[in-house]
Amino acid sequence: MASCRGQRSTVGPECVSRLFKSVVNMVKSKRFVVARHFDGLPKESDFQLVEEETPDLKDGEILVASIFSSVDPYMRTLSRRLSEGVTMVGECCARVAESKSSDFPVGTVIVHQYGWRTHAVLDTENQDPPRKAPADYPKDLPLSLLLGAVGIPGLTAYFGLLKCLEAKEGETVFVNAAAGATGSIVGQIARIKGCKAVGSAGSDAKVAWLKELGFDAAFNYKTVSSLDAALKEAAPNGIDCYFDNVGGDFTTTVLNHMNLYGRVAIVGGISTYNDKDPSSKGAFPYKAIQGKQLTLIGFVVSRWLDQWPQGKAQMMQWIKEVCDHVSPLHYITNFFTEY
């Protein structure tokens, strides 16, 4: 498991302030732009690294230096809406390097979706201001978790499972892409809530890791004789709650294994993200939906934006109290210097 503990600074805010002020006028920002729209899997040639001067700050603005940038599957779909030459989308964790906002002094750690860039100038007074890291964020937790288990992936798992699916003790929860940033948290929260956690992943190594996390059952969907048979074996009593990250034909099969009054939370469609026509996959089994009286809910985690502080507090508590409750896995690479 990659760790960023050694990358975190332990100097105080005053020292950070002096350091940033001494270099701020020399800062040049690097950013990745979309050179061409993806055709199938993203390729290195689809991106271009651009360097530019950071502008002078206006009142209410801050200059931030990126610490971490997220790389997530959803970016493949959002990138279709971007014009070529636009900064690649993505959420970032950053530290304030220069400030003309009393609410965001130098040294403040923030999170914002300003994309893949080393530095950014942000308006703290517009409709999409940067979000501060929780005041009680544990000092011994890596800041990268603000983009993971304590960020959008973790909150998606938290609210999707507890608000959309309303998972109850004794029920069976199935999640696909279970070894991902969101799926792995879904299974762990399900176990905390007394549910049976079942997951699927795309390699034997991932399946082994899911079992280490405490999943009751997990299988490699790429090597099973059939998805239908694998679901029957992993969830012989059917599925009560389905957390869907994949969509397409995979979901068509899963819906036939749902129990009466089962609930489905649709958050992603990874199986279609590389397709030019995402709607071409997955027949809708209306008979199963109607006959089993299923509830299907599509959601975006910003729906509970006003409850994010409570969700983050709970995730931090689970991580800190007992690591076995929620064990986040994250991979870190310095892609600005390795590009």
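Residues numbered from 1 in each chain as written. Predicted model: local features only at pLDDT ≥ 70, side-chain atom pairs only at ≥ 80, totals over all residues. Heavy atoms only, no water.

K.L.:
Summarise the pattern of salt bridges; cite the residues concerned and give the values.
P.N.:
Applying the stated rule across the entire model yields ten salt bridges. The salt bridge partner of K28 is E51, with a shortest N-O separation of 4.0 Å. Linking K28 in strand β1 (residues 28-34) with E51 in strand β2 (residues 47-53), this pair joins segments that are 23 residues apart in sequence. Residue class for K28 comes out partly exposed when judged on its relative accessible area of 43%. Between R31 and E52 there is a salt bridge; the shortest N-O distance is 3.0 Å. Here R31, found in strand β1, pairs with E52, found in strand β2; they are 21 residues apart in sequence, far enough to count as distant. Judged by relative accessible area, which is 15%, R31 ranks as buried. (Salt bridge = Lys/Arg side-chain N within 4 Å of Asp/Glu carboxyl O. Helix = DSSP H or I, 4+ residues; strand = E, 2+ residues; numbered from the N terminus. Buried < 20%, exposed > 50% of the residue type's maximum accessible area, 1.4 Å probe, protein only.)

K.L.:
Break down the packing of aromatic side chains for me, citing the residues and quoting the values.
P.N.:
What the rule picks out here adds up to twelve aromatic pairs. A ring pair is formed by F174 and F219, whose centres lie 6.2 Å apart and whose planes are at 5 degrees; its orientation type is stacked. One end of the pair, F174, is in strand β8 (residues 172-175); the other, F219, is in strand β10 (residues 217-220), and 45 residues separate them in sequence. Looking at F174, the relative accessible area reads 0%, which means it is buried. Chaining the aromatic ring pairs together yields one cluster made of Y158, F159, F243, F299, W304 and W318. (Phe/Tyr/Trp six-rings, centres within 6.5 Å; stacked < 30°, edge-to-face > 60°.)

K.L.:
Report on the packing of helix α3 (residues 152-164) against helix α4 (residues 183-192), specifying residues and quantitative values.
P.N.:
For the pair α3 and α4, interaxial distance at closest approach is 8 Å and the crossing angle is 45 degrees. By the criterion of interaxial angle, the relationship of α3 to α4 is oblique. With respect to the hand of their crossing, α3 and α4 are arranged in right-handed fashion. Touching G154, A157, Y158, L161 and L162 of α3 are I185, V186, I189 and A190, all from α4. Tallied by class, residues from the contact of α3 with α4 come to eight nonpolar, one polar and no charged. (Axes fitted to C-alpha atoms, helices over the stretch in contact; angles between N-to-C directions. Parallel < 35°, antiparallel > 145°, perpendicular 65-115°, else oblique. Left-handed = near helix turned anticlockwise from the far one by under 90°. Contact = heavy atoms within 4.5 Å. Nonpolar A, V, L, I, M, F, W, Y, C, P; charged D, E, K, R; others polar.)

K.L.:
Tell me about the sheet that holds strand β11 (residues 239-244), and please be specific about residues and values.
P.N.:
One open sheet accounts for six strands, arranged β10-β9-β8-β11-β12-β13; its pairing is parallel. At either end of the open sheet lies a strand with only one pairing partner, and these are β10 and β13 (295-298). Taken over all neighbouring pairs, the strand axes of this sheet differ in orientation by 15 degrees on average, direction set aside. By the bridge criterion, four bridges tie β8 to strand β9 (residues 196-201) in an arrangement that is parallel. Within the sheet, the bridge partner assigned to F174 lies in β9 and is V198. The strands that helix α5 (residues 204-213) touches are β9 and β10; relative to β10, the one it contacts most, it runs at about 175 degrees. Contacts from helix α6 (residues 227-234) reach β8, β9, β10 and β11 within the one sheet, and its direction differs from that of β10 by about 165 degrees. (Pairing = 2+ DSSP bridges.)

K.L.:
Kindly report on α4, identifying the contributing residues and their values.
P.N.:
Within α4, eight of the ten residues are buried, leaving the element largely enclosed by the surrounding structure. Along α4, the residues that are buried comprise G183, S184, I185, V186, G187, Q188, I189 and A190. Buried residues along α4 sit against α3, β8, β9, α5, β11 and α9 (308-321). Phi turns positive one or two residues past the end of α4, at G194, with a value near 85 degrees.

K.L.:
Residues and numbers for a negative patch on the surface, please.
P.N.:
On the surface, D59, D103, D123 and E125 cluster together into a negatively charged patch. Take E125: its relative accessible area is 63%, and that puts it in the exposed class. (Patch = residues over 30% accessible without salt bridge, like charges linked within 9 Å, V, L, I, M, F, W, Y side chains within 5 Å. Areas by Shrake-Rupley, 256 points an atom, 1.4 Å probe, with all protein chains shown as cover. Lys, Arg positive; Asp, Glu negative; His and termini not counted. Charge placed at Lys NZ, Arg CZ, Asp CG, Glu CD.)

K.L.:
So, the confidence of the model for the protein chain: which residues are in play, and what are the values?
P.N.:
Confidence in the prediction of the protein chain, expressed as mean pLDDT, is 87, and 84% of residues score 70 or more. This stretch, residues 1-24, has a pLDDT under 50; its non-local contacts, to residues over four places away or in other chains, come to 33 contacts. (pLDDT = per-residue confidence, 0-100.)

K.L.:
Lay out the sheet that holds strand β4 (residues 92-99) in plain terms, naming residues and giving numbers.
P.N.:
In sheet architecture, strand pairing relies on hydrogen bonds along the backbone and comes in two forms, parallel and antiparallel. Taken in spatial order, the five strands line up as β6-β3-β4-β5-β7 in an open sheet, and their pairing is antiparallel. Sheet topology places β6 (119-123) and β7 (131-132) at the edges, where each strand pairs with a single neighbour. In this structure, strand β5 (residues 109-112) lies alongside β7, joined through two bridges in antiparallel fashion. Within the sheet, the bridge partner assigned to I110 lies in β7 and is K132.

K.L.:
Give me the lowdown on the environment of G199, citing residues and values where you can.
P.N.:
Take G199: it is sitting in strand β9. The spatial distance from the C-alpha of G199 to the C-alpha of L210 is 7.6 Å, given a sequence separation of eleven residues.

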